[in-house]
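As a plain string of letters, each chain reads:
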Amino acid sequence: MRLLAREDEVEDDHVDEIDLRLQAAASAWRWTIAVAAVAALPRLLYLFVFSNPENPGLGVYDDVWHHWQIAYLTKEIGLGAPDGPRLWDLKGLDYFWGILHPVLMVVVFAVTGSIDIVLLRLVSLVFGVLAVVLIFHICRRIWSTQVAIAASFLAALLPTSVMNDASGMLEPIGIALCLLGIWAWVDGKGWWSGLAFGLATMARAEAWLFSLGLVVAANLRRVNLRQRPGLWLGFAGTLGLYMLIFQAKTGNPIYPLWWNFFANALGQWGTPITSAQVGARPALAIVLALGLAGLGWALLYHPNGYMLFTFGFGYWVFTAGMLGFTSFLSTWQWWMPISRRFEFPYEFAGILIAVVCLYAVPRRFGFPPSLLGWSAVAAVLIAAQLLWIPISHAFAPTERAWNATAADATVLASWYEMQPQRGHALAVPPDRPDMTYGLARLGGVDGKHLVSEMYDPFGYLPAGYTYQGHESTVNNALQCWLDKNDVRMIAIANGDANRMLLRQLNPGWFVDIGELPHVGWHVDGVTVPPPGTGECQAAQAAIR
């Protein structure tokens, strides 16, 4: 009897093992390419065929222009700031959403040589496709190929996912990075998982909560012990560096987390909640209850896929809880259920449907996945296409608003290009990043010439200190500010009482240029006499 294998047999086994690994890798790549193509096609069609690439949805998704503005002004001004490289904005929200997206877009702008907003939409589209691919591979690893196909097809073809992934919003980036962390953990790569979770915090403020929750959840099972040190090292190292940046730039190491949730959720920025908005609470309460039940089940019983379940149910809890039971309810509008905030909750519902129909039920009753299970998945996908109706109702009217803004921006740019204001600073209200885009992209006005009125002396008047009661002092302060910033042209919003009064009290400083009817701005040329010696210091000391 021969007890030991011959040397040639051992070598054959080794070769067979290598062949199997190569075949598995090739299969994974083929699936990746196929799923990515299926996900990319509807998103590209929506972006370039069924919507205006230049208009992500003015009046609905205004934040896209704001994200663009931060990235663009960071490139034009922030990188060369006197106190060192930093993010830059006209409304003081430089670091509000995090640093990953503006830094990434600065690189994209530099590589492409373009500042077109379609680049933002393409970046979010790429991360949206990545999320679909990761859903496929996570589900395939945990359950089966059939579950993976169904879950990824639902995520790829849900109208809310197609629209939001092509929007230019930030959620696709945060979702994809969280899923990347889950995939790396499932694949036994603890350090890479921690790094992905840490990067997710740089993309979206809520990812601080999701990533920390997932890192904690990863330690609740008595498995994968060897992965844990790498997970914690990758996450803590990335998040620690991120917090140091915030401490240096803002004085608050958890700046985006604080302002997005702790302060904002308590109503510091909120507006009164209407009775119509309160009417959304019962439905959100149901989602919250289901999320809490599912999250409790996942954390208590640790089923297969518990990290994905923790993320998905946790996302339900976060979305329903924040929107329904904090001051965020004041932002509720009729189209909110199709918005970016619900993108992954719908995708996770699709994952649950795929798991139940093609894995849990067949396994429970001892039969393979059947036509009935696939029919249920197909019925859900077909019914979901009805979501294109509210999407169209929400976004179709935005085209007129964008065309009007583009026209106003083009006119303002033409006025700016005339002497004597050309090449000097243009002061603008801080709350219209769509106009910033129009000025730069359509009118060729360099961002370094834009000055935000948010930072003029009116923004620093002490409480109870009125312009009308201190006209001379405030006029001196405004004269110094206009002179210091080389402002030769100013756009004043029609409802801005202080700056309108400034024009009336100092007619020699301003020359009427014209009106921008859509945005509601009055535009003047500016020429201020140089302030006298000591006037600026005295005025600044008086109003601070």
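Residues numbered from 1 in each chain as written. Predicted model: local features only at pLDDT ≥ 70, side-chain atom pairs only at ≥ 80, totals over all residues. Heavy atoms only, no water.

(A) Layout of helix α7 (residues 171-186). Given a rise of 1.5 Å per residue, 16 residues ought to cover 22 Å, and the 23 Å separating the end C-alpha atoms of α7 matches this to within 8%. Burial of α7 is extensive: 13 of the 16 residues sit out of reach of the surface. Looking at the residues trailing α7, positive phi occurs at glycine 188, about 85°. (Helix = DSSP H or I, 4+ residues; strand = E, 2+ residues; numbered from the N terminus. Expected span 1.5 Å × (residues − 1). Buried < 20%, exposed > 50% of the residue type's maximum accessible area, 1.4 Å probe, protein only.)

(B) Representation of the sheet that holds strand β3 (residues 487-493) within the structure. Pairing in this open sheet of five strands is mixed, and the strands run β2-β1-β3-β5-β4 from one edge to the other. One side of each edge strand has no neighbouring strand; the edge strands of this open sheet are β2 (450-452) and β4 (510-516). With direction set aside, neighbouring strand axes in the sheet form an average angle of 25°. Two elements, β3 and strand β5 (residues 521-526), share five bridges in a ladder whose sense is antiparallel. Bridge pairing in β5 places isoleucine 492 opposite histidine 522. (Pairing = 2+ DSSP bridges. Axes fitted to C-alpha atoms, helices over the stretch in contact; angles between N-to-C directions.)

(C) Region of interest: the state of the cysteines. Under the definition given, this model contains one disulfide. The thiol of cysteine 139 is unpaired, and the distance to the nearest cysteine sulfur, on cysteine 357, comes to 13 Å. (Disulfide = S-S within 2.5 Å.)

(D) Structural detail: unusual backbone geometry. Geometrically, the link from glutamine 419 to proline 420 is a cis peptide bond, its omega value of 10° lying close to zero. If you trace the backbone, proline 420 turns up in the loop between α18 (398-416) and β1 (425-428). With a phi angle near 55°, aspartate 486 is a residue other than glycine that sits in the positive phi range. Positionally, aspartate 486 belongs in the loop between α20 (471-484) and β3.

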